[in-house]
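Structure assessment
Chain residues, written in single-letter form:
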Amino acid sequence: MEHPILSRYSYPEMRYVFSEEAKLERWLKVEAALAKAQALVGNIPLEAAEIIISKASLKYVKLNRVRELEHIYEHDLFAMVEALAEVCGDAGKYVHLGATSYDIEDTALALAIRDALSIIEDDLYSLRDTLIDLAIRYRDLVCIGRTHGQHALPITYGMKFALWAVEIQRHIERLSEVRKRAVVGKMSGAVGTMAGFGSYGIKIQELVMRELGLEYEPISNQVVQRDRHAEVIMLLALIASSLDKIAKEIRNLQRTEIAEVFEPFGERQAGSSTMPHKRNPNKSERICSLARYVKALVLPALENISLEHERDLT
């Protein structure tokens, strides 16, 4: 059964980023970059690297085959390695050489985070610009300001929209900073010693990340350190909190007793199955509800920073 958030509230671009097909595609992309780097330093034959690179795609490595192998090995990354090796013939023995699972998984996750942040950044720019337009359009529309839910002094709707626009701009700036620290991969082998790459560990890591357009961990153990991922989650929680605030204000202003602002309502839209007069702020309520879900991810993300020794499964 599909997750209700994915089926009802996601949209195609973001949904694809975190699909199983896209994840496998990223894993293969990292394996191809590793093979290229290994060939450049002379650890594997160039011909073998060319074969691995040419076969490291969904055209040759099928998701169904990876799932079949995962049932056998009970290890998703190893299943991908075996599936890629199968289609590479004799060159398959060089697939994944010297690497550990999370060299591939965490580096691929950095690619996913990069793509996801780009989508969110575009959305934030669009929202900010819309709010600026509204601030200009309604700068002279007077309304009552409220403190503690009570009438205070007059303000304008332009002021409300401008306030939100500036807040969204801060999130755009935060996203730019978070991207620098979160879009980071690693290629350092088991427990981070690089021993599996011989004397070329640092060079291989640099070559792989350059090929993928990523920064690399200056030092890691088995995994990219989870404070980087926690910062992404906290950024999302901050953005969700601002959207929650905006949506809650719309909900309150749409109350029958106030009735100053209304969500769009289609000609054939139904507000209730039994009360035809209802015009509910459904979209704003959904935003508030989904924001709670995002904010609830912060504590687990912080807990994930505390690994046991060089790694565990958190």
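Scroll up for the structure.
What counts and how
Residues numbered from 1 in each chain as written. Predicted model: local features only at pLDDT ≥ 70, side-chain atom pairs only at ≥ 80, totals over all residues. Heavy atoms only, no water. Helix = DSSP H or I, 4+ residues; strand = E, 2+ residues; numbered from the N terminus. Axes fitted to C-alpha atoms, helices over the stretch in contact; angles between N-to-C directions. Parallel < 35°, antiparallel > 145°, perpendicular 65-115°, else oblique. Contact = heavy atoms within 4.5 Å. Nonpolar A, V, L, I, M, F, W, Y, C, P; charged D, E, K, R; others polar. Core = buried A, V, L, I, M, F, W, Y, C linked by side-chain atoms within 4.5 Å. Buried < 20%, exposed > 50% of the residue type's maximum accessible area, 1.4 Å probe, protein only. Phe/Tyr/Trp six-rings, centres within 6.5 Å; stacked < 30°, edge-to-face > 60°. Salt bridge = Lys/Arg side-chain N within 4 Å of Asp/Glu carboxyl O. Patch = residues over 30% accessible without salt bridge, like charges linked within 9 Å, V, L, I, M, F, W, Y side chains within 5 Å. Areas by Shrake-Rupley, 256 points an atom, 1.4 Å probe, with all protein chains shown as cover.

Quick look at unusual backbone geometry now. Of note in the backbone geometry, H148 takes a positive phi value of approximately 55 degrees without being a glycine. Among the secondary structure elements, H148 is positioned in the loop between β1 (142-147) and β2 (150-156). The backbone of M194 sits at a positive phi, close to 65 degrees, despite the residue not being glycine. Of note, M194 is situated in the loop between β3 (184-185) and α9 (201-212).

Looking now at the packing of helix α8 (residues 157-182) against helix α10 (residues 227-253). In contact at an axis separation of 9 Å, α8 and α10 are set at 170 degrees when each is read in the N-to-C sense. As far as their axial angle goes, α10 and α8 are roughly antiparallel. Between α8 and α10, the residues in contact are Y157, K160, W164, E167, H171, R174, L175, V178, R181 and A182 and R228, E231, V232, L235, L238, I239, S242, K245, I246, E249 and L253, respectively. Of the residues belonging to the contact of α8 with α10, the class tally is 11 nonpolar, two polar and eight charged.

Turning to the environment of A39, a few remarks are in order. With respect to the element layout, A39 can be found in helix α3 (residues 20-40). Sequence separation of A39 and A49 is 10 residues, and the distance between their C-alpha atoms is 6.1 Å. In contact with A39, not counting residues within four places along its chain, are I44, P45, L46 and A49.

Before going further, it helps to spend a moment on the nonpolar core. Residues M80, L84, M187, I204 and V208 are the most contacted members of the largest nonpolar core, which totals 70 residues. The leading source of residues in this core is helix α7 (residues 101-137), at 13 residues. In this structure V208 touches A33, L34, A37 and M187, once residues within four positions along its chain are discounted. Core analysis: the second largest hydrophobic core is formed by five residues, A230, I233, V298 and A301 among them.

Considering all chains together, one arrives at four aromatic pairs under this definition. Measuring from ring centre to ring centre gives 4.8 Å for Y73 and F78, while their planes differ by 90 degrees; the resulting arrangement is edge-to-face. F78 sits in the partly exposed class, given a relative accessible area of 35%. Between the aromatic rings of Y157 and F161, the centroid separation amounts to 6.3 Å while the plane-to-plane angle is 40 degrees, which identifies the pairing as tilted.

Mapping E285 onto the fold places it in helix α11 (residues 282-295). Here E285 falls in the partly exposed class, since its relative accessible area comes to 35%. Sequence spacing of E285 and E167 is 118 residues, and the spatial spacing of their C-alpha atoms is 20 Å.

What follows is about the pattern of salt bridges. Per the counting criterion, the structure on display carries 17 salt bridges. With a shortest N-O distance of 3.8 Å, E177 and R181 are connected by a salt bridge. You can see E177 and its partner R181 sitting in helix α8, four residues apart, about one turn around the helix. Among the charged side chains, a salt-bridge network with shared partners connects E177, K180, R181 and E231.

By secondary structure assignment, the location of S101 is in helix α7. Aside from chain neighbours lying at most four places away, what touches S101 is H75, L77 and H96.

Moving on to a nonpolar patch on the surface. A surface patch of nonpolar side chains, about 320 Å² in accessible area, is lined by M234, L299, L302 and I305. The topology assignment puts I305 in the segment after α12 (298-303). By relative accessible area, which is 33% here, I305 ends up partly exposed.

That's the geometry; what it means functionally is another story.
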